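Residue-level structural notes
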Amino acid sequence: MDRFDAMQAFARVVETGSFTRAAQTLHMSRTTVTQLVQQLEARLRVRLLNRTTRQVNVTADGAAYYEHVARLLAALDDAETSLSSFAASPRGRLRVDVPAPLARFLLVPALPGFHAQYPDIQLDLGVSDRNVDLIDENVDCVIRGGVIADTSLVARHIGDLQAGLYAAPRYLDTVGVPEHPKALEAPPHRIVGYRGSRRAGAMPYTLHRGAETLTANGHHVLTVDDGNAYLEAGVAGLGVLWLPDYVAAAHAQRGELLRVLTDWQVAPMPLHIAFRPNRHVSAKLRAFVDWVAALMAEHVPVIGR
């Protein structure tokens with residue numbers, strides 16, 4: 001048994017949830033992948049996977065072993081990509097986690113260009129608004145709005161999200177147009193609350209008008225923790241939204257959202273791409289970071305740059 005092939009086969013089965021799909025991505029037969037995993041289990045004397053006729057589930061021992069295997073395979077991949085021959089043409093698997101609206105409106109539509117430029121980089125894209133532990137979850141980098149609280153990460157400032165307050169016409173027809181942000185603090189007005197993954201309640205927002213500054217929390221009957229759900233709730237007329245302009249643009253153009261309180265400015269939100277500090281940043285990660293930075297410079301540039 002080739003231990004590297006066996007570990008790679010096991011890891012791919014865990015990631016795809018299927019011996020058949022794992023075999024397809026590894027360009028092996030399903031029989032070969034099955035035999036490699038069986039040989040690995042025999043060597044370790046533990047069951048790594050529970051198999052039924054319909055699905056494959058990783059056992060507790062298998063999940064623990066997978067975390068070690070994934071790190072080892074990533075380290076080997078990085079060692080190879082550090083060589084000049086690989087750096088000239090970045091390749092390998094890259095795990096990235098991004099907020100849902102950013103993936104939907106900016107990143108995914110631009111990915112054909114990325115893959116045309118880097119055909120040998122395989123992106124594993126996590127789409128979420130939660131706080132991801134890069135080390136425990138074996139993620140290479142994350143893109144996040146706001147301040148990066150984890151000071152152990154390297155964070156590159158790649159953009160500033162210009163934002164405004166928006167509401168659906170049906171909402172405005174029902175309760176009227178708010179004339180001041182304080183009107184959003186009590187009925188009949190309301191906002192759609194957005195709760196970050198580590199917050200107990202909805203996030204407050206800072207607004208400016210000339211020399212005047214205030215923090216608005218807003219009255220709400222719905223709070224969500226997903227950017228796409230937040231947007232759809234606003235379009236459905238459930239309340240006023242604080243939205244980056246790039247997210248609101250298409251809906252505003254179709255008349256599904258209207259900007260309100262236009263004399264007030266929402267403080268821009270910095271956008272960062274963050275990754276683990278390492279003496280050597282792999283060619284594939286460097287390529288992705290630079291590509292994302294260029295994409296953001298086109299759509300949501302850093303203010304003053």
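Residues numbered from 1 in each chain as written. Predicted model: local features only at pLDDT ≥ 70, side-chain atom pairs only at ≥ 80, totals over all residues. Heavy atoms only, no water.

1. Structural notes on the overall build of the chain
For the chain, the count of helices and strands is 10 helices and 15 strands. Projecting the C-alpha coordinates of the chain onto the three principal axes gives extents of approximately 70 × 45 × 35 Å. Taking all 305 residues of the chain together, the buried fraction comes to 44%. In the chain, the proportion of contacts linking residues at least 24 apart, taken out of those at least 6 apart, comes to 75%. If you sum the accessible surface of the chain, you get close to 15600 Å²; carbon and sulfur atoms cover 51% of it. Here the chain contributes 31 positively and 31 negatively charged side chains, and the mean placements of these two sets differ by 5 Å. (Helix = DSSP H or I, 4+ residues; strand = E, 2+ residues; numbered from the N terminus. Buried < 20%, exposed > 50% of the residue type's maximum accessible area, 1.4 Å probe, protein only. Contact = heavy atoms within 4.5 Å. Areas by Shrake-Rupley, 256 points an atom, 1.4 Å probe, with all protein chains shown as cover. Lys, Arg positive; Asp, Glu negative; His and termini not counted. Charge placed at Lys NZ, Arg CZ, Asp CG, Glu CD.)

2. Remarks on helix 9 (residues 245-253)
Residues Tyr246, Val247, Ala248 and His251 constitute the buried set of helix 9. Glycine 255 sits one or two residues past helix 9 and shows a positive phi near 80°.

3. Notes on the packing of helix 6 (residues 100-117) against helix 8 (residues 227-235)
Relative to each other, helix 6 and helix 8 sit at 80°, their axes nearing to 6 Å. Here helix 6 lies roughly perpendicular to helix 8, going by the angle between them. Judged by residue contacts, Ala100, Pro101, Arg104 and Phe105 of helix 6 engage Gly227, Asn228, Leu231 and Glu232 from helix 8. Broken down by class, the residue content of the contact of helix 6 with helix 8 amounts to 4 nonpolar, 2 polar and 2 charged. (Axes fitted to C-alpha atoms, helices over the stretch in contact; angles between N-to-C directions. Parallel < 35°, antiparallel > 145°, perpendicular 65-115°, else oblique. Nonpolar A, V, L, I, M, F, W, Y, C, P; charged D, E, K, R; others polar.)

4. Looking at the packing of aromatic side chains
On inspection of all chains with the given rule, the structure shows 6 aromatic pairs. Taken together, a centroid distance of 5.7 Å and an interplanar angle of 40° make the contact between phenylalanine 10 and tyrosine 65 tilted. With phenylalanine 10 in helix 1 (residues 3-16) and tyrosine 65 in helix 4 (residues 60-81), the pair connects residues that are 55 residues apart, well separated along the chain. The burial state of phenylalanine 10 is the same as that of tyrosine 65; both residues are buried. (Phe/Tyr/Trp six-rings, centres within 6.5 Å; stacked < 30°, edge-to-face > 60°.)

5. Some thoughts on the environment of phenylalanine 4
With respect to the helices, strands and loops of the structure, phenylalanine 4 is situated in helix 1. With relative accessibility at 36%, the residue phenylalanine 4 sits in the partly exposed group. Residues phenylalanine 4 and methionine 203, spaced 199 residues apart in sequence, show a C-alpha to C-alpha distance of 47 Å. Not counting residues within four places of it along the chain, the set of residues in contact with phenylalanine 4 comprises Leu73 and Leu76.

6. Overview of the environment of isoleucine 143
With respect to the helices and strands, isoleucine 143 occurs in strand 5 (residues 141-145). On a C-alpha basis, the gap between isoleucine 143 and glutamine 38 in space is 38 Å, while along the polypeptide they are 105 residues apart. Sequence-distant contacts of isoleucine 143, that is, excluding residues within four places in its chain, are made with Asp97, Val98, Pro99, Leu102, Ile158, Leu271, His272, Ile273 and Val292.

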